[in-house]
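Observations on the model geometry
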Amino acid sequence: KQEVTQIPAALSVPEGENLVLNCSFTDSAIYNLQWFRQDPGKGLTSLLLIQSSQREQTSGRLNASLDKSSGRSTLYIAASQPGDSATYLCAVPRGYNTDKLIFGTGTRLQVFP
Amino acid sequence: DAGVTQSPTHLIKTRGQQVTLRCSPKSGHDTVSWYQQALGQGPQFIFQYYEEEERQRGNFPDRFSGHQYPNYSSELNVNALLLGDSALYLCASSFSGTNTGELFFGEGSRLTVL
């Protein structure tokens, strides 16, 4: 049974720091891995999607890596800003149905000025 | 390009009542999935609709049902509401003709059951 875990559960940092958020999964046979951002009480915004054949994806100040063999993904946020404050969720598909995602419980990030 | 839209954004019901939530997928998408997110938890998959049929279902009772229309929009119905049904209900859409597997979510409908 696939399980997704995110560490840390919460993080509070001063503006400008480079951050690392971790996601681990128990079954390495994943089709892809997706990182999302969620503001309080809001929906999910897709940040990065990494296919199983890829090692990393980048978008602006965000970089996500994937190591299937160790069951880990890392989201790196460079030069954090207060606007980055949100909950970050990672998710993997259950089997080959990429609409049936299994989510971690998220990392709640607060960046203060 | 309109993203995934959901309505209503907030609603309050009492135990035993029924509720219908609505979703319009992102333009060009033909598959809709529904998720339930309890406070402080990650979203949980409820079911997926494609070609107006339920294709996959998560671990949710039959009180949860859905529908997809020919224009790909979808409804989530919950009967005999329980206090534990209070959650954020998220709709997600995708296009079956792509192999990227990227899923796009709406802003959600916040349901409170009293």
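Going by the structure above, here's the rest.
We now turn to the structure provided with this report. From a predicted model like this one, the values you see are computed outputs, not experimental measurements.

1. Some details on the side chain of B:Glu75
All names here are of chain B. Within the secondary structure layout, Glu75 lies in strand E8 (residues 74-78). When its relative accessible area of 15% is taken as the criterion, Glu75 is described as buried. Side chain to side chain, Glu75 and Tyr69 meet in a polar contact 3.2 Å long.

2. Focus on the packing of aromatic side chains
Overall, the coordinates contain eight aromatic pairs over all chains when judged by the stated rule. Aromatic side chains A:Phe103 and B:Tyr35 sit 5.8 Å apart centroid to centroid with 85° between the ring planes, which places their arrangement in the edge-to-face category. One end of the pair, A:Phe103, is in strand E10 (residues 97-103); the other, B:Tyr35, is in strand E4 (residues 31-37), on a second chain. Of the two residues examined, A:Phe103 and B:Tyr35, each falls in the buried class. Relative to B:Phe45, the ring of B:Tyr35 has its centre 5.6 Å away and its plane inclined at 75°; by these criteria the two rings are edge-to-face. Within this pair, whereas B:Tyr35 is found in strand E4, its partner B:Phe45 is found in strand E5 (residues 44-50), the two being separated by ten residues in sequence. Here B:Tyr35 falls in the buried class, since its relative accessible area comes to 0%. The class for B:Phe45 is buried, based on a relative accessible area of 7%. Positioned above the aromatic ring of B:Phe104 is the side chain of B:Lys26, whose terminal nitrogen or guanidinium carbon lies 5.2 Å from the ring centre.

3. Let's talk about the side chain of B:Asp30
Residue and element names in this part refer to chain B. Position of Asp30 relative to the elements: it lies in the loop between strand E3 (19-24) and E4. One buried charged side chain, Asp30, makes no salt bridge at all; its nearest oppositely charged neighbour is Arg55, positioned 9.8 Å away. One polar contact links Asp30 to Thr31, side chain to side chain, over a distance of 3.0 Å. Beyond its immediate sequence surroundings of up to four residues, Asp30 is in contact with Tyr49, Tyr50, Gln68, Tyr72, Ser94, Phe95 and Ser96.

4. Observations regarding the environment of B:Glu51
All names here are of chain B. Relative to the helices and strands, Glu51 is located in the loop between E5 and strand E6 (53-57). Counting along the chain gives 51 residues from Glu51 to Glu102, while the straight-line C-alpha distance between them is 19 Å. Here the side chain of Glu51 touches Arg55 through a polar contact of 3.1 Å, side chain to side chain.

5. Let's talk about the pattern of salt bridges
Note on pairing: side chains with opposite charge can pair once their charged atoms come close. Evaluated as defined, the whole model comprises seven salt bridges over all chains. Close ionic contact of A:Arg37 with A:Asp39 constitutes a salt bridge, the shortest N to O distance being 3.0 Å. We classify A:Asp39 as partly exposed; its relative accessible area is 28%. Shared partners join several salt bridges into a network, and the residues in it are B:Glu51, B:Glu53 and B:Arg55.

6. Comments concerning unusual backbone geometry
Residue A:Ile7 is joined to A:Pro8 through a cis peptide bond whose omega torsion reads -5°. Position of A:Pro8 among the secondary structure elements: in the loop between strand E1 (4-7) and strand E2 (10-14). Here B:Ser7 and B:Pro8 are connected by a cis peptide whose omega angle stands at -10°. Mapped onto the elements of the fold, B:Pro8 is located in the loop between strand E1 (5-7) and strand E2 (10-13). Of note, the phi angle at B:Tyr72 is positive, near 80°, even though the residue is not glycine.

7. Some points on the interface of chain B and chain A
At the junction of the two partners, chain B supplies 24 residues and chain A supplies 21 residues. Taking both partners together, chain B and chain A bury about 1,700 Å²; carbon and sulfur atoms supply 46% of that area. Applying the counting criterion to the chain B and chain A interface returns zero salt bridges. At the level of elements, E4, E5, E6 and strand E9 (87-94) of chain B are the ones that each hand at least two residues to the side of chain B that touches chain A. Looking at which element gives the most residues to the side of chain B that touches chain A, the answer is E4(B), with four residues. For the side of chain B that touches chain A, the residue count by class is seven nonpolar, 13 polar and four charged.

Definitions and cut-offs
- Residues numbered from 1 in each chain as written.
- Chains lettered and ligands numbered in written order.
- Predicted model: local features only at pLDDT ≥ 70, side-chain atom pairs only at ≥ 80, totals over all residues.
- Heavy atoms only, no water.
- Helix = DSSP H or I, 4+ residues; strand = E, 2+ residues; numbered from the N terminus.
- Buried < 20%, exposed > 50% of the residue type's maximum accessible area, 1.4 Å probe, protein only.
- Polar contact = N/O pair within 3.5 Å; in protein donor to acceptor, adjacent residues only side chain to side chain.
- Phe/Tyr/Trp six-rings, centres within 6.5 Å; stacked < 30°, edge-to-face > 60°.
- Lys NZ or Arg CZ within 6 Å of the ring centre and 35° of its normal.
- Lys, Arg positive; Asp, Glu negative; His and termini not counted.
- Salt bridge = Lys/Arg side-chain N within 4 Å of Asp/Glu carboxyl O.
- Contact = heavy atoms within 4.5 Å.
- Buried area = accessible area lost by both parts, 1.4 Å probe.
- Nonpolar A, V, L, I, M, F, W, Y, C, P; charged D, E, K, R; others polar.

These figures come from the coordinates and say nothing about function on their own.
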